[in-house]
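Structure assessment
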Amino acid sequence: MTSLAAHFYPLALLLPALVGSVGQRASVEEPRGGAVAHAAPEQSSPALGLRADDSAAALRVLEGAHSPPPQNQVRIDSRVIVRISPSPEAQRERMLAALPRRQLRTAYDEVDHGECVAIEQIAGVEPAADDRLLLFLRDRRVLAAALERSCSARAFYSGFYVERNQDGQLCVARDRLQSRSGASCQVEEIHRLVAVRD
């Protein structure tokens, strides 16, 4: 019985609006004899105690019930920024002294290293020449990273920041070093320093 009442409930909501519109048309029609009838506006309340505004509002509620709920999307991005700071002076001197050397070697030469170095291996950094940064590794090796020509190594006196990639490597022509002063430079070459004879 309740399901039958549920089927007729929307019709019951529409009935007052239909009765009101039929009653208004009947009051303004002229009689067939040609005399104009001036009937007073009907003040009676519509059936079921509902006004036309109420039935329209009920219809809007029913229409809104069938519309799908709004869908919201959330996107989460994450990235890791690694800071490489200068190593203490005593540690730098120990690392430079521990480089493999031959007799009477007082200078250093750059040899090929490859295009990438693991970020976790970098223990410290120090600006060297105009466009060179010395990278001190945890295994006591020292690398020279050449920056692009428009960059000065002095901008990295307090270290640098680099965004960590999925492979965890700092690579040539891919990663950019950010200094605390706002400089942004790309690494163009990475060489390994070895002690050589004068």
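Structure: above.
Below, the structure is looked at part by part. These numbers were taken from a predicted model, which means no experiment stands behind them. (Residues numbered from 1 in each chain as written. Predicted model: local features only at pLDDT ≥ 70, side-chain atom pairs only at ≥ 80, totals over all residues. Heavy atoms only, no water.)

**Digging into the overall build of the protein chain**
- The helix and strand inventory of the protein chain stands at 3 helices and 10 strands.
- For the protein chain, the sequential pattern of α-helices and β-strands runs α-α-β-α-β-β-β-β-β-β-β-β-β.
- A buried classification covers 25% of the 198 residues belonging to the protein chain.
- Of all intrachain contacts in the protein chain linking residues separated by at least 6 positions in sequence, the fraction that spans at least 24 positions is 62%.
- Summed over its atoms, the accessible surface of the protein chain is roughly 14,300 Å², and 52% of this surface lies on carbon and sulfur atoms. (Helix = DSSP H or I, 4+ residues; strand = E, 2+ residues; numbered from the N terminus. Buried < 20%, exposed > 50% of the residue type's maximum accessible area, 1.4 Å probe, protein only. Contact = heavy atoms within 4.5 Å. Areas by Shrake-Rupley, 256 points an atom, 1.4 Å probe, with all protein chains shown as cover.)

**Examining the pairing of strand 4 (residues 122–127)**
- For strand 4 and strand 5 (residues 132–137), the ladder comprises 5 bridges, and the chain directions are antiparallel. Pairing of isoleucine 122 across the sheet is with leucine 137, part of strand 5.
- In textbook terms, the turn of a hairpin is the stretch between consecutive antiparallel strands, and for strand 4 and strand 5 this stretch comprises 4 residues. (Pairing = 2+ DSSP bridges.)

**As for the nonpolar core**
- In terms of nonpolar packing, the biggest core is built from 23 residues, with Leu135, Leu147, Phe160, Leu170, Leu177 and Val187 touching the most fellow members.
- Listed by contribution, the elements that provide at least two residues to this core are strand 1 (81–84), strand 4, strand 5, strand 6 (142–147), strand 7 (160–163) and strand 10 (184–197).
- Phenylalanine 160 has contacts with Val82, Arg83, Ile84, Val125, Leu135, Leu177 and Gln178, leaving out every residue within four places of it along the chain.
- Core analysis: the next-biggest nonpolar cluster, separate from the first, contains 7 residues, Leu99, Val142, Ala144 and Leu193 among them. (Core = buried A, V, L, I, M, F, W, Y, C linked by side-chain atoms within 4.5 Å.)

**A few points about the pattern of salt bridges**
- Under the criterion given, the structure shown has 9 salt bridges.
- Salt-bridge contacts for glutamate 110 lead to arginine 132; the nearest nitrogen and oxygen are separated by 3.0 Å. You can see glutamate 110 sitting in strand 2 (residues 105–112) and its partner arginine 132 sitting in strand 5, a full 22 residues away along the chain.
- With its nearest N and O atoms 2.5 Å apart, the salt bridge here joins glutamate 120 to arginine 164. You can see glutamate 120 sitting in the loop between strand 3 (116–118) and strand 4 and its partner arginine 164 sitting in the loop between strand 7 and strand 8 (169–171), a full 44 residues away along the chain.
- Look at glutamate 120 and you get partly exposed, because its relative accessible area is 40%.
- Judged by its relative accessible area of 33%, arginine 164 is partly exposed.
- A network of salt bridges, in which partner residues are shared, links Glu110, Asp131 and Arg132. (Salt bridge = Lys/Arg side-chain N within 4 Å of Asp/Glu carboxyl O.)

**Some remarks on unusual backbone geometry**
- Even without glycine at this site, arginine 140 takes up a positive phi of about 75 degrees.
- One non-glycine residue with positive phi stands out, namely alanine 173, at about 60 degrees.
- Its location among the elements puts alanine 173 in the loop between strand 8 and strand 9 (176–178).
- Residue alanine 173 is classed as exposed on the basis of its relative accessible area, which comes to 56%.

**Re the pairing of strand 7**
- Only one face of strand 7 is covered, namely the one carrying Phe160 and Val162; the face carrying Tyr161 and Glu163 has none of its residues buried.
- Bridge analysis of strand 1 against strand 7 gives 4 bridges, and the strand direction is antiparallel. Following the sheet pairing, isoleucine 84 is matched in strand 7 by phenylalanine 160.

**Some words on the state of the cysteines**
- A full pass over the atoms with the stated rule returns 2 disulfides.
- Two residues share a disulfide in this structure: cysteine 116 and cysteine 171, whose sulfurs sit 1.9 Å from each other. Judged by the sign of its S-S torsion, about 110 degrees, the bond between cysteine 116 and cysteine 171 is right-handed. One end of the pair, cysteine 116, is in strand 3; the other, cysteine 171, is in strand 8, with 55 residues separating them in the sequence. (Disulfide = S-S within 2.5 Å.)

**Quick notes on the side chain of serine 158**
- Along the polypeptide, serine 158 turns up in the loop between strand 6 and strand 7.
- Each residue touching serine 158, except ones within four places of it in the same chain, is listed here: Arg83, Ser85, Pro86 and Arg180.

**Here we look at the environment of aspartate 175**
- Turning to its location among the elements, aspartate 175 is positioned in the loop between strand 8 and strand 9.
- We classify aspartate 175 as buried; its relative accessible area is 5%.
- As for aspartate 175 and valine 187, which are separated by 12 residues in sequence, their C-alpha atoms are 6.8 Å apart.
- Once you skip the residues sitting within four places of it in the chain, aspartate 175 turns out to touch Val162, Asn165, Gln169, Leu170, Cys185, Gln186 and Val187.
- Looking at aspartate 175, its side chain comes within polar contact range of the main-chain nitrogen of cysteine 171, at 2.7 Å.
- Here the side chain of aspartate 175 touches arginine 174 through a polar contact of 3.2 Å, side chain to side chain. (Polar contact = N/O pair within 3.5 Å; in protein donor to acceptor, adjacent residues only side chain to side chain.)

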